[in-house]
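# Notes for the structure review
The primary structure of each chain is shown beneath.
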Amino acid sequence: MPTIVSVDDSTVPGEGSSRLLLLVSSDNKHIVVEEDIMSRSRFISKQVEGFEATSQRHAILLPFSSFVLNKVIEYCSHYRGYYLLEDDPDAAPPGRSPVREWDQEFLDVDRNMLLRIIKAAHYLEIKSLVGSCARAIADMIRGKTTEEMREILGVENDFTPEEEHSPSSKCTG
Amino acid sequence: MHDPLQLPDILAVIFGLLDASSNASNALVCKRWSDIALDELWRELDDLEPLMRILAWDEEQNDYGVPTTAQWARYAIYSSRVRHLNLSDDRTDFETDFWGCLNRVSIHRPTLAMLPQLRHYQWNLSDRRFAPLFFNSTVTTFNFVVEEVDEDMDEYSDKILAQIVVARMPAIINLHLWWPASYEPDATLVPMLLDGFPGLREIHLPLRAYTSDTYLRLSKLQYLRVIDFQGSVEDSVVDPGPSEAGAEEYRPLELSHDAFPALSKLVLYLDPPQAATFIQQDHFPIEQLQSLFIYSKHAVAPRTLPAFLDLLKTKCRSLGKLVMMLSGNTKKTLLGLDTEPDLLASFTLDTFRPILSYQELAQLSVYNCAQPLDITDEEVVEIVRSLPRLKGLDLNCAPLHLSRPKLTLSSLALLSTHCPQLSYLSLYADLDAPLSPFAQSCSASFVALEKLCMGPAPLKKMSVRPAAIMLSRILRGFTEMFMGHDIRSFTEYSVSKWDIPQDRLDNWDEVAAAVELMVMARKDERRTLG
């Protein structure tokens, strides 16, 4: 199955012909972006469908900072006009298709940023980006002990001592 | 606390990419992680022993081997997470008294639903006695190997098996059955199952089971989308077994006006002329077919194929996938028993020409032709360029006679330049032929190619280097390569039966290893150059 396939030219409107969207980040930055670019996001596409039904276009408020939003826009711009199999609603769970080199470089960021990007991608329903981030996080924790994992990702241990020593938490197959 | 790592959806994606030992550690990190990691760990089981270990006889606790309430409580934590149970190995190295435990559990279990959330159930063990232990009303996909019944072991007969399957798993919509060529199951088995599941969406049977009677029963299933075959190609063709000799000849069916109302994928175990009769019969919904697999019983003479392909061109307008297995009984071909000049002729572009008008075709596969296809580099490009939706192309990458093909490695340079959309490509090309000037200077790489399969084609020691350099230029890091020895795991039919010269395989291994290194080096180079 294809990972990336350039969409037939006739179906991609020329640059600048797409309508514009106004996105507002949590730090109240207004970012104007072409609708085309953001069509990879199921969340944005659904919003746009809503606009079409009511013939009214609003700003779309997003619960993350402009720093993260710009990063997501950079991703969507890079793959503008490309078909990514994982974004297909019927595709297998994200993160299973071959690694794209560009994504690896794009996600060569610190841990906090990576977590913020995956959260934004999840909110915006961009499966391919969730998959690439998940793979980067999985690479980070693969083969680590429980203690190392808590430390790397800053997760708190909320087991009581009894739970931690109960046989059910130990029996993991 | 970074909250994305508390969102179950995100955790499930991440844990889904990790192996069991990482997830075992994840299960101990915190409560939220534990729940999702355990779901991931227990979702698919391909071994029952971890579950049976929980219920194993603890001789200190009781004398009878009856699992205790505490054991059942622990069992419930894990059993409710199991969605897929795939048992395909007849293991004998169990740490616990596995079969004894199954026996005690089958007598003493407190509930009929041993795996209450089971969706996919595959039981391919030779002892069928305990298979019904995990039958459950939630199962939608059932995969079973039917083997000879051992009456001394009190095994269920085929008929009783069919009754229990229908009664205990009414939600089955996807049925896979397989039996070896040496076994003839009870004549009631398939009819009982087909009549028992009127809501069936997919059926997978051994090719031998697709008789006129079976097709007639299938034609009445209202929701049936897929008729496919089960088992490897080799099972059915290389050694067809005794049932082959007496196999019935095809007779036209009397289909009712609403036959196969939902069918989109069909396998026909018929020669092309019979297949043509089948899909042209009254009330057969030929125009709704999207995928067709023609599995020829006998070797096909190239001159007989265009008429069949012409029929598909005019009638199957939505055909997206066409797979043709054209050699019939490969053993016969390999032994050189097909001696008619017609059968020894090669398939040419003219044989396949009607296909060039299939506008919806996304996959074209031609397997098992005796001779390499008689097609040039330019003709392959013509095929791909004529098919705007084509993503996968398999042109007889492993012919039965390993002679030198017309096709050369230069064809890949042409394809990477003109047809970059391909995601899967499988060819049998001569690697000893000199590269064309175009191929030597070609720098276009396949942007979407996930798999490249090169058959065991002629490759001399002196051609290893230029071939590897050329391949490394047109491939990216994400392309999986199957060449040389690897082709054995790739093609379902056994290459080991062929007489492939060992030095040729060694040369192929060298190419595969060199290409992998060079592709990585080129990737680093691109990164450095920015």
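Residues numbered from 1 in each chain as written. Chains lettered and ligands numbered in written order. Predicted model: local features only at pLDDT ≥ 70, side-chain atom pairs only at ≥ 80, totals over all residues. Heavy atoms only, no water.

### Quick word on the domain arrangement of chain B
Residue and element names in this part refer to chain B. The assigned domain composition of chain B is domain 1 (1-42) and domain 2 (46-197). Between domain 1 and domain 2, the contact holds four residues from the first and six residues from the second. Between domain 1 and domain 2 the total buried area reaches about 540 Å² when both faces are included, carbon and sulfur atoms providing 62% of it. The largest per-residue losses of area from domain 1 upon contact with domain 2 belong to L38, D39 and W42, which jointly make up 93% of the total buried on that side. Along the contact surface separating domain 1 from domain 2 lie two salt bridges. In this structure, D35 and R81 form a salt bridge, with 3.2 Å as the shortest nitrogen-oxygen distance. There are two residue pairs in polar contact (both at pLDDT 80 or more) connecting domain 1 and domain 2. Partitioning the side of domain 1 that touches domain 2 into residue classes produces two nonpolar, no polar and two charged. (Domains from an automatic or database assignment. Contact = heavy atoms within 4.5 Å. Buried area = accessible area lost by both parts, 1.4 Å probe. Salt bridge = Lys/Arg side-chain N within 4 Å of Asp/Glu carboxyl O. Polar contact = N/O pair within 3.5 Å; in protein donor to acceptor, adjacent residues only side chain to side chain. Nonpolar A, V, L, I, M, F, W, Y, C, P; charged D, E, K, R; others polar.)

### Focus: the interface of chain B and chain A
Many authors give the size of an interface as the accessible area that is lost as the parts come together. Opposite the 44 residues of chain B that make contact, chain A presents 47 residues. Summing both partners gives a buried area of about 3,900 Å² for chain B against chain A, and 64% of it is carried by carbon and sulfur. Between the two partners, chain B and chain A, sit zero salt bridges. Summed over the shared surface of chain B and chain A, the number is seven residue pairs in polar contact (both at pLDDT 80 or more). Those elements that place two or more of their residues in the side of chain B that touches chain A are α1 (8-16), α2 (20-26), α3 (31-43), α5 (69-79) and α21 (502-529) of chain B. At six residues, α3 of chain B tops the list of elements feeding residues into the side of chain B that touches chain A. (Helix = DSSP H or I, 4+ residues; strand = E, 2+ residues; numbered from the N terminus.)

### With respect to the packing of helix α7 (residues 158-168) of chain B against helix α8 (residues 189-196) of chain B
Residues and elements named next belong to chain B. α8 packs onto α7 with a crossing angle of 10° between their chain directions and a minimal axis gap of 9 Å. Overall, the two elements α7 and α8 adopt an arrangement that is roughly parallel. Of the residues in α8, those touching α7 at D158, K159, A162, Q163, V165 and V166 are L189, M192, L193 and G196. Of the residues assigned to the contact of α7 with α8, the class counts are six nonpolar, two polar and two charged. (Axes fitted to C-alpha atoms, helices over the stretch in contact; angles between N-to-C directions. Parallel < 35°, antiparallel > 145°, perpendicular 65-115°, else oblique.)

### Digging into unusual backbone geometry
As a rule of thumb, non-glycine residues mostly have phi less than zero, and peptide bonds are mostly trans rather than cis. Located in the positive-phi region is E125 of chain A, a residue other than glycine, with phi close to 55°. Of note in the backbone geometry, H283 of chain B takes a positive phi value of approximately 75° without being a glycine. You can see H283 of chain B is positioned in the loop between α11 (272-280) and β9 (291-295).

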